[in-house]
Amino acid sequence: MGKKVTVVGAGFYGSTTAQRLAEYDIFETVVLTDIIDGKPAGLALDMNQSRPIEGFETKVVGVTTGTNGEGYEAIEGSDVVVVTAGLPRKPGMSRMDLLEVNAKIVRQVAENIAKYAPNAVVIVVSNPVDEMTALAQLATQFPKNRVFGQAGVLDTARFTNSIAETLAVPVKSVKALTLGSHGDTMVPVPSRCTVDGKPLADLLPADKIEELVVRTRNGGAEVVALLKTGSAYYAPSAAAARMAKAVVEDSGEVLPVCAWVEGEYGISGVYLGVEAQIGAEGIKKVVEEKLTDTEIAGLKEAAEAVRAKQADVATL
Ligand code: APR
């Protein structure tokens, strides 16, 4: 049977994700939903009209959903659901400022996913993503491996791009990694960064690497400040679409994602940015690699920073 993916939220992030997923041409159907009347249908029609030009056969279906779950039948049978519903940041806001308002939205979306697509793998991107992922798992009651969040693929891409620009090398020469939370306790991992196989530390002085680390940590805010309305979506949607692709292709790729950890790096019982092998069941396994003591300490700090807030989402 053909593969089906749903993207909930037809704003900038959701619509660009849907377009990328459709252009992969590996799905039979991409469903795009929103609460705004007509918007998902209009975007779907527009995307379908690009099929003859871009040369893909995937059909995009746009559906407006109601507050009581009306319209959610359209997501039945989805292999993957990407949750992008929720408000983006405004300049000066942290992702955490979105917690309460987005929690209400994500909870309602997750309950409908559980009802209409009980076998789906859920990828959460709504911010603050570490907390919204925990909430989506709670509200769906899906096994923890079937609910994970997008942060590390994007943060790693931002880090990679900065390194490539700084050294004036192709992005494909650079291997980089970020772990931790998608926020102030993001942990870029310079010890795992190489350029054409050479350690980054041999190519750039420590203060320059630190500058790139700081820029990565503030990568989202830098875009928000320039856009003035809304937040980034081209790189974020590339990250989310790529994760959904790894799931439906059961690729076994190892990607940095927001996953449930149970003992890895001595950390347990929290959703945290770690490397994980991705497949049809979502997270196949969290992959624990060798990190420096400082990086492990950063990861532990990130876990403690998100742990209490993740526990709080139960009440939101
Ligand atoms: N169900 C479906 N869609 C919803 C719901 C809901 N319950 N509530 C809101 N939406 C929709 C809005 O109508 C809007 O079209 O979510 C969409 C959000 O789109 P944008 O405002 O363009 O925001 P976007 O840039 O797409 O970001 C979405 O991703 O990166 C995060 O911080 C960002 O939390 C934000 C999310």
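Residues numbered from 1 in each chain as written. Predicted model: local features only at pLDDT ≥ 70, side-chain atom pairs only at ≥ 80, totals over all residues. Heavy atoms only, no water.

1. A closer look at the overall build of the chain
- Of the regular secondary structure elements, the chain holds ten helices and 14 strands.
- Taken over the C-alpha trace, the chain has a radius of gyration of 19 Å; the compact-globule value for 316 residues is 20 Å, and the two agree within 12%.
- Projecting the C-alpha coordinates of the chain onto the three principal axes gives extents of approximately 55 × 45 × 40 Å.
- Within the chain, the fraction of its 316 residues that count as buried is 52%.
- The contacts of the chain with a sequence gap of at least 6 include a subset with a gap of at least 24, amounting to 69%.
- Total accessible area on the chain is roughly 13,700 Å²; 53% of this is exposed by carbon and sulfur atoms.
- If you average the places of the 31 positive and of the 40 negative side-chain charges in the chain, the two averages end up 1 Å apart. (Helix = DSSP H or I, 4+ residues; strand = E, 2+ residues; numbered from the N terminus. Rg over C-alpha atoms; globule rule 2.2 N^0.38 Å. Buried < 20%, exposed > 50% of the residue type's maximum accessible area, 1.4 Å probe, protein only. Contact = heavy atoms within 4.5 Å. Areas by Shrake-Rupley, 256 points an atom, 1.4 Å probe, with all protein chains shown as cover. Lys, Arg positive; Asp, Glu negative; His and termini not counted. Charge placed at Lys NZ, Arg CZ, Asp CG, Glu CD.)

2. Remarks on the pairing of strand β13 (residues 268–279)
- Along β13, nine of the twelve residues are buried, which leaves the element largely enclosed by surrounding structure.
- Sheet analysis places strand β12 (residues 254–262) next to β13, joined by nine bridges and oriented antiparallel. Looking at β13, one finds that Cys-258 is bridged to Gly-273.
- Here β12 folds back onto β13, and the loop between the two strands holds five residues, one of which, Gly-263, carries a positive phi near 100°.
- The pairing of β13 with strand β14 (residues 282–287) spans five bridges and is antiparallel. In the sheet register, Ala-276 faces β14, and the bridge partner there is Val-286. (Pairing = 2+ DSSP bridges.)

3. Details of the pattern of salt bridges
- Taken as a whole, this structure holds eight salt bridges when the rule is applied.
- Between Glu-222 and Arg-215 there is a salt bridge, and its shortest N-O distance comes to 3.0 Å.
- Taking relative accessible area as the criterion, Glu-222 reaches 34% and is therefore assigned partly exposed.
- Here Lys-284 ties to Glu-281 by a salt bridge, and the two come within 3.5 Å at their closest N and O atoms.
- Using a relative accessible area of 34% as the deciding quantity, one classes Lys-284 as partly exposed.
- Linked through salt bridges whose partners overlap, the residues forming this network are Asp-250, Glu-281 and Lys-284. (Salt bridge = Lys/Arg side-chain N within 4 Å of Asp/Glu carboxyl O.)

4. Observations regarding the nonpolar core
- By size, the foremost hydrophobic cluster in this structure holds 53 residues, and its most contacted members are Val-82, Phe-148, Val-257, Leu-272 and Ile-278.
- Ranked by the residues each element gives to this core, the list is headed by helix α9 (residues 234–248), at eight residues.
- With sequence-adjacent residues up to four places away left out, Val-82 is seen in contact with Val-5, Thr-6, Val-7, Val-8, Thr-17, Ile-123, Val-125, Ala-240 and Ala-244.
- Membership of the second largest hydrophobic core comes to 27 residues, among which are Ile-75, Ala-85, Val-122 and Ala-134. (Core = buried A, V, L, I, M, F, W, Y, C linked by side-chain atoms within 4.5 Å.)

5. Describing the UniProt feature "domain: Lactate/malate dehydrogenase C-terminal" (unreviewed entry) in the chain
- Under the local residue numbering, the UniProt record ascribes the feature "domain: Lactate/malate dehydrogenase C-terminal" (unreviewed entry) to residues 154–309.
- Taken as a whole, residues 154–309 contains 43% helix and 25% strand, while its terminal C-alpha atoms sit 22 Å from one another. (UniProt positions renumbered as here; feature names shortened; annotations may be inferred.)

6. Some details on the UniProt feature "domain: Lactate/malate dehydrogenase N-terminal" (unreviewed entry) in the chain
- The UniProt record marks residues 4–149 with the feature "domain: Lactate/malate dehydrogenase N-terminal" (unreviewed entry), using the residue numbering of this structure.
- As annotated, residues 4–149 comprises 40% helix and 19% strand, and the C-alpha atoms at either end are separated by 19 Å.

7. Digging into the packing of aromatic side chains
- Under the criterion given, the structure shown has four aromatic pairs.
- Measuring from centroid to centroid gives 4.7 Å for Phe-12 and Tyr-233, while their planes differ by 25°, and the two rings are stacked. Taken together, the residues span a long stretch of sequence, with Phe-12 in helix α1 (residues 12–24) and Tyr-233 in the loop between α8 (219–227) and α9 at a distance of 221 residues.
- In this structure Tyr-233 comes out as buried when scored by relative accessible area, which is 19%.
- Between Tyr-72 and Tyr-116, the ring centres sit 6.2 Å apart and the planes meet at 25°, which makes this aromatic pair stacked. (Phe/Tyr/Trp six-rings, centres within 6.5 Å; stacked < 30°, edge-to-face > 60°.)

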